[in-house]
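A closer look at the structure
The primary structure of each chain is shown beneath.
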Amino acid sequence: MRYVVTGGAGFIGSNTVDELVRRGHRVTVFDDLSSGKQHNLARIGDKIDFVQGTITDAAAVSAACRGADYVLHLAARTSVPRSVKDPVETNHVNVDGTVNVLVAARDAGVRRVVFASSSAIYGETPTLPKREDMPPAPISPYGVTKLVGELYGNMFQHVYGVEFVSLRYFNVFGPRQDPGSPYSGVLSLFIAAMRNGGAPLIYGDGEQSRDFTYVENVVNANLQAFEAPGVAGMAFNLGTGGRYTLNETLRVLEKFAGRTADANYTQPRPGDIRDSQADISRAREKLGFNPRISFEEGLRRTWDWYSARQ
Ligand code: UD2
């Protein structure tokens, strides 16, 4: 089978491409390297096709998708605060780009598109854990673009017959998450600060909570979403099913580092949701999803990975 992975040089993408290659599939990575890194693919570089291009370039996406059986669409602007700062740019990449990917998949006769959606689509719906049948109410431009992506994909399935599955990721973390920007995932930033002797920065009181999900858990689900029968047109939460406050994550990192975090607290970030936790029963049932790596174990592995790189 031939897979196209948009955003395949990124954090979740490159971890998934590793597994596709391990299973003997042919893979084209389509990535503009705006946040992805070619070195994430260094170990498998000779086993894949790499195309540097942006999903906002319709012709380039179409060329990359020609002859593909499956498309995993991960390329996006992934930061909530970045989307608050520049909604037009996030919309352009995440919405226009997704439409380009869907058109390319349709024209190539792709069997199924799997789309990286987000728990951000739930917004401030007060009930926890979040279930897929709750009405979405995003409170950031980013969350809106992911919801629009889901709607576009389902519409493409309905109108053009392109099978489409949405995966709502809940705060994925792990090896290769890049702490290099203020927009990076919070755990990568906390680990970098703790390892470099710096002070983590907390937006708000640190009591906001997330269902932090180790990347290996979602890699298997990404692939299952292509093979599972009867799931086209559906959305799935991919989380661990628990939740941790930022303050709690720092307590764990303090143990690893053997020192106190001495975090600095500042104003909450606009567009942030307060609490996030996934009900993963649908994914368990339909995708055979089984997040084997717990939050603590994942954080340990991630800490060790960053440590080994220094
Ligand atoms: C993450 C993903 C997003 C989406 C969502 C799904 C990233 C960068 N973003 O958004 O793509 O899929 O999860 O749930 O992975 N914070 C601090 N200090 C920092 C950085 C962040 O306190 O230095 C706070 C931030 O204000 C927020 C929480 O940590 O309350 C999580 O922030 P994030 O940017 O890691 O993730 P989130 O939930 O905005």
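Our subject is the structure that appears above.
Now for a description of the structure that goes with this document. (Residues numbered from 1 in each chain as written. Predicted model: local features only at pLDDT ≥ 70, side-chain atom pairs only at ≥ 80, totals over all residues. Heavy atoms only, no water.)

Let's talk about the pattern of salt bridges
Taken as a whole and assessed by the stated rule, the structure comprises 20 salt bridges. A salt bridge links Glu19 to Arg23, with the shortest nitrogen-to-oxygen separation between them at 2.8 Å. By relative accessible area, Glu19 is classed as buried at 13%. With a closest N to O distance of 3.1 Å, Arg274 and Asp205 form a salt bridge. Pair noted here: Arg274 is in the loop between strand 13 (264-266) and helix 9 (281-287) and Asp205 is in the loop between strand 8 (201-203) and strand 9 (209-210), with a separation of 69 residues, a long-range link. Bridged by salt links that share partners, the residues Asp18, Arg43 and Arg176 form one connected network. (Salt bridge = Lys/Arg side-chain N within 4 Å of Asp/Glu carboxyl O. Buried < 20%, exposed > 50% of the residue type's maximum accessible area, 1.4 Å probe, protein only. Helix = DSSP H or I, 4+ residues; strand = E, 2+ residues; numbered from the N terminus.)

Quick word on the packing of aromatic side chains
Under the counting rule described, the total for this entry stands at 13 aromatic pairs. With 6.3 Å between their ring centres and 40 degrees between their planes, Tyr122 and Phe170 make a pair best called tilted. One end of the pair, Tyr122, is in the loop between strand 5 (112-118) and helix 5 (141-160); the other, Phe170, is in the loop between strand 6 (163-169) and strand 7 (172-173), and 48 residues separate them in sequence. Of the two residues, Tyr122 and Phe170, both sit in the buried class. Three or more aromatic residues joined by ring pairs form one cluster here, namely Phe173, Phe212, Tyr214, Tyr244 and Phe295. Residue placement shows Arg106 over the ring face of Tyr160; its charged tip is 4.6 Å from the ring centre. Residue placement shows Arg195 over the ring face of Trp303; its charged tip is 5.0 Å from the ring centre. (Phe/Tyr/Trp six-rings, centres within 6.5 Å; stacked < 30°, edge-to-face > 60°. Lys NZ or Arg CZ within 6 Å of the ring centre and 35° of its normal.)

What to know about unusual backbone geometry
In this model, Leu128 is joined to Pro129 through a cis peptide bond whose omega is -10 degrees. Residues other than glycine seldom take positive phi values, yet Arg176 does so here, at roughly 80 degrees. Here Arg176 is to be found in the loop between strand 7 and helix 6 (186-195). Its identity as a non-glycine residue notwithstanding, Asp262 has a phi of 50 degrees, on the positive side. With respect to the helices and strands, Asp262 occurs in the loop between helix 8 (246-257) and strand 13.

Thoughts on the packing of helix 6 against helix 8
Interaxial distance between helix 6 and helix 8 falls to 11 Å at its minimum, and their mutual angle equals 35 degrees. Pair helix 6 / helix 8 crosses with right-handed handedness. Within the contact between the two elements, helix 6 uses Val186, Leu187, Phe190, Ile191 and Met194 and helix 8 uses Leu246, Thr249, Leu250, Leu253, Glu254 and Ala257. Counted by class, the contact of helix 6 with helix 8 contains nine nonpolar, one polar and one charged residues. (Axes fitted to C-alpha atoms, helices over the stretch in contact; angles between N-to-C directions. Left-handed = near helix turned anticlockwise from the far one by under 90°. Contact = heavy atoms within 4.5 Å. Nonpolar A, V, L, I, M, F, W, Y, C, P; charged D, E, K, R; others polar.)

Focus on the site of the ligand
Of all residues adjacent to the ligand, which total 21 residues, the nearest are Thr78, Ser119, Asn171, Leu201 and Asp272. In this structure, Ser118 approaches the ligand through a side-chain N or O atom, which is 3.0 Å from an oxygen atom. At a separation of 2.6 Å, a nitrogen atom of the ligand approaches a polar backbone atom of Leu201. Relative to its unbound accessible area of 720 Å², the ligand is 92% covered by the protein chains. Those elements that place two or more of their residues in the shell around the ligand are helix 6 and strand 8. The biggest single contributor to the shell around the ligand is strand 8, with three residues. For the shell around the ligand, the domains that each give at least three residues are domain 1 (2-173 + 213-241 + 278-293) and domain 2 (186-209 + 243-276 + 296-307). (Near = heavy atom within 4 Å. Polar contact = N/O pair within 3.5 Å; in protein donor to acceptor, adjacent residues only side chain to side chain. Areas by Shrake-Rupley, 256 points an atom, 1.4 Å probe, with all protein chains shown as cover. Domains from an automatic or database assignment.)

Just distances and angles here, no functional claims.
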